[in-house]
Amino acid sequence: MSDTELPQSSGPFRAGDRVQLTGPKGKMNTITLEPGKVFHTHRGILEHDTIIGLPDASVVTNNVGVEHLALRPLLNDFVMSMPRGAAIIYPKDAAQILALADIFPGANVVEAGVGSGALSLWLLRAIGSAGTLRSFERRDEFAEVARANAATFLGRDPENWSITVGDLQVALPSAVEDQSVDRVVLDMLAPWECLDVVTAALKPGGVLLCYIATVTQLSRVAEAIRASGQYTHPQSSETMVRGWHVEGLAVRPDHRMIGHTGFLITARRLAPGTVLPELKRRPSKSDYSDEDVEAWTPGALGERQSSPKSLRKRVRAAATSAELSKARGLDGASDDDPAIN
């Protein structure tokens, strides 16, 4: 059984496992089990040894009688609580990326940038052991956090995943052969700058998907895709998720919802020499000049920076979780462990 098919073992909790504890008021905390350690809350202490050995989905009681539900976190839970080097792609967007880019088992996928590794974990699960994921990240600290987060969740370093630290424009041509990549997923500030190398790498019919935060970026990448003449007409969307409170006859939308996080834009690579038929539409005010584009998308696009101290702290936290998870795998895991989906 491969590492991408076995994100967490089932069976009794063991030292090194990550456990999601849900208190009586619904508050969740995720811990890594270590013999002799304790989990402190303002309402008592829960010993890790109390959890170790219990089956998944058990209820445990702390020293003052407060009950907690103990569950192995799903991937959805893990990515929301793992150490972060950069902002993550939310599960609602990750699910759409897998669907819109049609990520399939055995696919050869290129991803840039890797951030904290949240999307990488979803991609690894989707491509399976037969697929290959090549990730590119400009910042070494983010790459370290992503590697550690993957090792924490999977219990080992995935053999079919590589992270290259560097600029995609420079690194991609030497990393893959022309027309050998099935899917490209770009989560970066200026994806239009990488279109030439991405186009060369994609197979005809392959999918390019860009995750971008602002309407200015959305406009610019859409026009760059059109201007290249190498892709189908780009399709754009965003995903909003609204939960519902359902309890007896009290059925209403939640007061809070996960609204805008980013835009997704997709297009498919045309075969070399193919000229795409023009869409027949009514005339519109869509003409623009280079000056208009620069005014709409200022050259001073900024990148949010984390302080070096904060990054070092996150790298240490991710590395510690990874080492505990790997130790768990070496001490108690076997290739016959059943997978948990």
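Look up a bit, the structure's there.
Residues numbered from 1 in each chain as written. Predicted model: local features only at pLDDT ≥ 70, side-chain atom pairs only at ≥ 80, totals over all residues. Heavy atoms only, no water.

Draft legend 1. Main features of the overall build of the chain. What the chain contains, in helices and strands, is 10 helices and 15 strands. Of all 341 residues assigned to the chain, the portion counted as buried reaches 44%. Accessible area of the chain: about 17900 Å², with a carbon and sulfur share of 53%. (Helix = DSSP H or I, 4+ residues; strand = E, 2+ residues; numbered from the N terminus. Buried < 20%, exposed > 50% of the residue type's maximum accessible area, 1.4 Å probe, protein only. Areas by Shrake-Rupley, 256 points an atom, 1.4 Å probe, with all protein chains shown as cover.)

Draft legend 2. Seen up close, a nonpolar patch on the surface. Residues Trp244, Val246 and Val251 make up a contiguous nonpolar surface patch of about 320 Å² in total accessible area. Here Val246 falls in the exposed class, since its relative accessible area comes to 62%. (Patch = residues over 30% accessible without salt bridge, like charges linked within 9 Å, V, L, I, M, F, W, Y side chains within 5 Å. Salt bridge = Lys/Arg side-chain N within 4 Å of Asp/Glu carboxyl O.)

Draft legend 3. Structural context of the packing of helix H3 (residues 91–100) against helix H4 (residues 118–127). Where H3 contacts H4, the two axes come as close as 10 Å, and the packing angle between them is 35°. In this structure, H3 meets H4 at a crossing whose hand is right-handed. Residues Pro91, Ala94, Ile97 and Leu98 of H3 lie in contact with H4, whose contacting residues are Leu119, Trp122, Leu123 and Ala126. (Axes fitted to C-alpha atoms, helices over the stretch in contact; angles between N-to-C directions. Left-handed = near helix turned anticlockwise from the far one by under 90°. Contact = heavy atoms within 4.5 Å.)

Draft legend 4. Summary view of the packing of H4 against helix H5 (residues 140–154). Running from N to C, H4 and H5 cross one another at 50°; their axes reach a closest spacing of 10 Å. With respect to H5, the axis of H4 lies oblique. For H4 against H5, the interelement crossing comes out right-handed. The residues of H5 that touch H4, namely those facing Leu121, Leu124 and Arg125, are Asn149, Ala150, Phe153 and Leu154. Residue classes in the contact of H4 with H5 are distributed as 5 nonpolar, 1 polar and 1 charged. (Parallel < 35°, antiparallel > 145°, perpendicular 65-115°, else oblique. Nonpolar A, V, L, I, M, F, W, Y, C, P; charged D, E, K, R; others polar.)

Draft legend 5. The sheet that holds strand S7 (residues 108–112), seen in detail. Strand order in the open sheet formed by 7 strands is S9-S8-S7-S10-S11-S15-S12, with mixed pairing between adjacent strands. The open sheet terminates on both sides in strands that have one partner only, identified here as strand S9 (161–165) and strand S12 (235–238). Each strand of the sheet is rotated relative to its neighbour by a mean of 15°, with strand direction disregarded. Bridge count between S12 and strand S15 (residues 263–268): 4 bridges; the pairing is antiparallel. Paired with Ser236 across the strands is Ile265, a residue of S15. Relative to the sheet, H3 contacts strand S10 (181–186), strand S11 (202–212), S12 and S15, its axis offset from that of S15 by approximately 10°. (Pairing = 2+ DSSP bridges.)

Draft legend 6. Just helix H8 (residues 215–228), in detail. Taking 1.5 Å of rise per residue, the 14 residues of H8 would be expected to cover 20 Å, and the 20 Å separating its terminal C-alpha atoms lies within 8% of that figure. All of the buried residues in H8 are Thr216, Gln217, Leu218, Val221, Ala222, Ala224 and Ile225. A positive backbone phi angle near 70° is found at Gly229, which sits one or two residues after H8. (Expected span 1.5 Å × (residues − 1).)

Draft legend 7. Structural detail: the environment of Asn63. Residue position: Asn63 is located in the loop between strand S5 (58–61) and strand S6 (67–71). For Asn63, a relative accessible area of 55% corresponds to the exposed category. Between the alpha carbons of Asn63 and Gly44 there is a distance of 5.9 Å; along the sequence they are 19 residues apart. Contacts of Asn63, omitting those with residues within four sequence positions, involve Gly44 and Ile45.

Draft legend 8. Fine view of the nonpolar core. In terms of nonpolar packing, the biggest core is built from 35 residues, with Val79, Ile103, Leu119, Leu121 and Trp161 touching the most fellow members. Looking at this core, the elements that each hand over two or more residues are helix H2 (75–81), H3, H4, H5, S9 and S11. It is H4 that provides the largest number of residues to this core, a total of 8 residues. With residues near it in sequence (within four places) discarded, Val79 still touches Arg84, Ile88, Pro91, Ala118, Leu121 and Trp122. One finds Leu172, Val198, Ala224 and Tyr231 within the second-largest nonpolar core, a separate group that totals 31 residues. (Core = buried A, V, L, I, M, F, W, Y, C linked by side-chain atoms within 4.5 Å.)

Draft legend 9. Focus on the side chain of Arg269. With respect to the element layout, Arg269 can be found in the loop between S15 and helix H9 (290–296). For Arg269, which is buried and forms no salt bridge, the nearest opposite charge comes from Asp178, at a distance of 8.2 Å. A distance of 3.0 Å separates polar atoms of two side chains, one belonging to Arg269 and the other to Gln230. Not counting the four nearest positions on each side in its chain, Arg269 is found in contact with Thr199, Leu202, Lys203, Pro204, Gly205, Gly206, Gln230 and Tyr231. (Lys, Arg positive; Asp, Glu negative; His and termini not counted. Polar contact = N/O pair within 3.5 Å; in protein donor to acceptor, adjacent residues only side chain to side chain.)

Draft legend 10. The side chain of His68, seen in detail. Summarising the element assignment, His68 is placed in strand S6. Leaving out residues up to four positions away in the same chain, His68 has contacts with Leu21, Thr22, Gly23, Ser58, Val59, Val60 and Asn62.

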